[in-house]
Amino acid sequence: MRPLRSLLAGVFAAGLLAAPALAQEGESLPHQKWSFDSLFGTFDLAAAQRGFQVYSNVCANCHSLQYLHYRDLSGIGLDGDEIKAIAAAVTVPQGLDDQGNPKDGPATPANQFRSPFANEKAARAANNGALPPDLSLIVNAREGGADYIYGILTGFVPAPSGFKMQDGMYYNKMFPGHQIGMPQPLQDGTVEYTDGTSNNLDQEAHDVITFLSWAANPELVERKQIGVRVILFLVFMAGITYAVKRKLWSDVH
Amino acid sequence: MAGLHKSEFANPVINWIDTRLPIFTMMQKEYGVFPTPKNFNYLWNFGALAMVNLMIMIITGIFLAMNYQPNTELAFGSVQHIMRDVNYGWLLRYVHQNGASMFFIVTYIHIFRGMYYGSYKNPRELLWILGVVILILMMATAFMGYVLPWGQMSYWGATVITNLFSAFPIVGPKIVTLLWGGFSVDNPTLNRFFSLHYLLPFVLVGVIFLHVAALHITGSNNPLGIDVKSPQDTLPFHPYYTVKDSVGICVYLAVFAALVFFAPNYLGDPNNFIPANPLQTPADIVPEWYFLPYYAILRSVPNKLLGVCMMFGSLLVLFVLPWLDTSRVRSARFRPIYRQLIWLWVVAVIVLGVCGAHKPEGIWVILSRVATLYYFLHFLVILPVLGKLERPLPLPESISQPVLGGRGGGPLPGSAPAKPMEKA
């Protein structure tokens, strides 16, 4: 096991806040329209690319995306050269040099996404004891999925008077218990889009959640496409088989 | 018994093999011309469906195991590796994950079929008992499989369920240590669960073979629940039931595909997308849907040992079902009261399932207690007593003459014959 045990107290405190342990009071899920929702829905690639920009500029400062590799970005429509350029701009550990010392170098498309912190302890130390969760699966890992993440990103409001806040915590109307360790990450105009899309909070949140939904379910589009064909085939086969059955059984009384 | 088999196959290669090892003759006898009651409805598809489902699970499982790492540090990441990097790994994994749910759906319907049409009664008691063994093995396999991805619910589910054994006096804690391979759910637990999860399906194959062998001795029950009397009552298994099973298989695969391709995580728990963390308990530890009724029975009893006994008892009672049901009429079709009460039992099981998904508070405690009570009442009181009191409807003369003429030639109510099946 990782050296977690020494951190018991800190984890316990964070756990209380991070886990959906406390009953979710009041706030219902904000139901949003997502490009990938419906039966035939696919990812809006332009939104996913803008979302990648939001992730890189904002989220990546604290949140890892450890199950993704740079090569995976072809899934949101980036081409080989763009991916190489994105990877090359990142410095990652590259094993040992000839003298046996750890060395760093520019990443290649085959590298995992760089994590902002070397380890969990470093992450907690930099974040007031809280651990920013890895975002690779965050959309699948929360009840409510994309809508819930949208609720968090747009849920930062002033605490109601009389609400007792702990030090270093922020009020969020969506978060269970309403006290979250993350300061409001996105506001109107946080990210400057190159394609001229309006950069209000709603747009930024939609974009980054589209990106994260892709990150959690990169197979989604292929899965649905195969699914349509498989089900059509099976319905067709069921029909034919049933006709054969009727024919065969027609002499049984 | 030594001596070559006299094979009737024309093909020289098949004939050569069949003379020395008559597997073709056996297949021809058991699946070709095998006399099968001609009045099956589509509920008789579900045994074949379960067989297909087991095959799917074993095949996808073998390929998953090639890419999975049974180590607490690596397990969660290796599942993500399967989902993202292995060619069609996501398909293998989603088929296997949802295949478990489909397996239970199919098996529960198969069991219900047996209960509704009295398939467990003389002479099929042993066939039924083997079926209950299969159910229990399946549950153990599914439970251990759910632990393997090493998410939060895997870890905490394993902790809660293995801890149940600690309720037994004296040996309890020892059993738990043995299950864990240590003093908490940890790497040794994951290793042994992986090993057993790979082993048990093959044990299942063995018990299913016995289940089918026993079936082919007694012959199938049928919706009328009466014995086969003459060759007019039966059809050769092939092509009549191979084609009827094929219809069912297509429909079943379509439902399966809808789940896999369009809602692969619908039946799962979001918490299992969070890596296992021994220091952080999820708000609700909920088992997979197919265990919810048993979980509700467990939690409906305030005493831990009694709760555990009731939970295991809810399965063990099925072993003696053939002797608890005193009615000699098999099919619910001819048992006007049982026909209603069996549905009440189904409702009780569904209520238990819903209760299992909710925290044991307020109304859910009361509901789960009432449903638990009825579950056991059905088996332990209603079935033994009902068999004596109920006046069954007149049974038809034979399968090929299901409608009684005005002459009322059927056996008298209450004296329905339960003769061993005559060879058709």
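Reading the values: the criteria
- Residues numbered from 1 in each chain as written.
- Chains lettered and ligands numbered in written order.
- Predicted model: local features only at pLDDT ≥ 70, side-chain atom pairs only at ≥ 80, totals over all residues.
- Helix = DSSP H or I, 4+ residues; strand = E, 2+ residues; numbered from the N terminus.
- Buried ≥ 20, exposed ≤ 12 C-beta atoms within 10 Å, placed from the backbone.
- Rg over C-alpha atoms; globule rule 2.2 N^0.38 Å.
- Contact = placed C-beta atoms within 7 Å.
- Pairing = 2+ DSSP bridges.
- Nonpolar A, V, L, I, M, F, W, Y, C, P; charged D, E, K, R; others polar.
- Axes fitted to C-alpha atoms, helices over the stretch in contact; angles between N-to-C directions.
- Parallel < 35°, antiparallel > 145°, perpendicular 65-115°, else oblique.
- Left-handed = near helix turned anticlockwise from the far one by under 90°.
- pLDDT = per-residue confidence, 0-100.
- Core = buried A, V, L, I, M, F, W, Y, C linked by C-beta atoms within 7 Å.
- Bend = angle between axes of the 7 residues up to and from the residue.

Chemist: Would you explain the overall build of chain A in this entry?
Modeler: A tally of regular secondary structure across chain A gives seven helices and four strands. For chain A, the succession of helices and strands along the chain, N to C, is α-α-α-β-β-α-α-β-β-α-α. Burial status across chain A gives 30% buried among its 253 residues.

Chemist: Explanation requested: the overall build of chain B in the structure shown.
Modeler: The helix and strand tally for chain B stands at 15 helices and two strands. Against the compact-globule benchmark of 22 Å for 424 residues, chain B has a radius of gyration of 24 Å, which places it among compact chains. If you line up chain B on its principal axes, its C-alpha atoms span 75 × 60 × 45 Å. The contacts of chain B with a sequence gap of at least 6 include a subset with a gap of at least 24, amounting to 73%.

Chemist: How should I be thinking about the pairing of strand 1 (residues 91–96) of chain A in this particular structure?
Modeler: Sheet faces and side chains relate simply in a regular strand, where the side chains alternate between the two faces. For strand 1 of chain A, the tally of buried residues reaches only zero of six residues, placing the bulk of the element at the surface. The hairpin turn running from strand 1 of chain A into strand 2 (residues 102–106) of chain A, its antiparallel successor, is five residues long, and Gly100(A) in that turn takes a positive phi close to 85 degrees.

Chemist: How should I be thinking about the interface of chain A and chain B in this particular structure?
Modeler: Interface size is commonly expressed as the accessible surface area that is lost when the partners come together. Taken together, the contact pairs 35 residues of chain A with 28 residues of chain B. Elements with a minimum of two residues in the side of chain A that touches chain B: helix 1 (8–18) and helix 7 (220–249) of chain A. Of the residues assigned to the side of chain A that touches chain B, the class counts are 25 nonpolar, four polar and six charged.

Chemist: Even after reading the chapter, I still don't get the packing of helix 3 (residues 46–65) of chain B against helix 10 (residues 237–262) of chain B, so can you show me in this structure?
Modeler: Residues and elements named next belong to chain B. Contact geometry for helix 3 and helix 10: axes closest at 9 Å, N-to-C directions at 55 degrees. Between helix 3 and helix 10, the angle falls in the class oblique. In this structure, helix 3 crosses over helix 10, and the sense of that crossing is right-handed. Here helix 3 contributes Ala 48, Leu 49 and Val 52 to the contact with helix 10, which in turn contributes Asp 245, Gly 248, Ile 249 and Tyr 252. Its residues assigned to classes, the contact of helix 3 with helix 10 comprises five nonpolar, one polar and one charged.

Chemist: Can you walk me through the confidence of the model for chain B in this structure?
Modeler: Close inspection of predicted coordinates is inappropriate in any region flagged by low pLDDT. In the predicted model, chain B carries a mean pLDDT of 93, and the fraction of residues at 70 or more is 94%. The low-confidence segment residues 404–424 of chain B, where pLDDT is below 50, has 40 contacts with residues more than four positions distant or belonging to other chains.

Chemist: Would you take a moment to explain the nonpolar core for this structure?
Modeler: In summary, soluble globular proteins display a tendency toward joint burial of nonpolar side chains. Counting 75 residues, the largest nonpolar core has Phe103(B) and Leu352(B) as the members making the most contacts within it. Here this core gets eleven residues from one element, more than from any other, and that element is helix 5 (residues 89–116) of chain B. Non-local contacts of Leu352(B), meaning those with residues more than four positions away in its chain, are made with Pro293(B), Ala296(B), Ile297(B), Ser368(B), Ala371(B), Thr372(B) and Tyr375(B). Listed in part, the 46 residues of the second largest apolar core include Val139(A), Tyr150(A), Leu153(A) and Ala216(A).

Chemist: So what exactly am I meant to see when it comes to the packing of helix 6 (residues 125–147) of chain B against helix 7 (residues 152–163) of chain B here?
Modeler: For any two helices packed against each other, the geometry comes down to the angle between their axes and how far apart the axes lie. Residues and elements named next belong to chain B. Two elements in contact, helix 6 and helix 7, have axes whose closest approach is 8 Å; the angle formed by their N-to-C orientations is 135 degrees. Between helix 6 and helix 7, the interaxial angle falls into the category oblique. Taking contact as the criterion, the partners of Phe 143, Tyr 146 and Val 147 in helix 6 are, on helix 7, Ser 154, Gly 157, Ala 158 and Ile 161. Class assignment for the residues of the contact of helix 6 with helix 7 results in five nonpolar, two polar and no charged.

Chemist: Hey, could you run me through helix 11 (residues 292–300) of chain B in this one?
Modeler: Since the α-helix packs 3.6 residues into each turn, any two residues three or four apart lie on the same face. Residues and elements named next belong to chain B. The element helix 11 is largely enclosed, with a buried count of nine among its nine residues. Listing the buried residues of helix 11 in full gives Leu 292, Pro 293, Tyr 294, Tyr 295, Ala 296, Ile 297, Leu 298, Arg 299 and Ser 300. Looking at the buried positions of helix 11, the neighbouring elements they touch are helix 12 (304–316), helix 14 (338–357) and helix 15 (363–389).

Chemist: Is there a simple way to explain helix 15 of chain B in this structure?
Modeler: All names here are of chain B. Taken as a whole, helix 15 carries its principal kink of about 45 degrees at Leu 377. All buried positions along helix 15 are accounted for by Ser 368, Ala 371, Thr 372, Tyr 375, His 378, Ile 382 and Leu 383. Taken together, the buried residues of helix 15 touch helix 11, helix 12, helix 13 (321–324) and helix 14.

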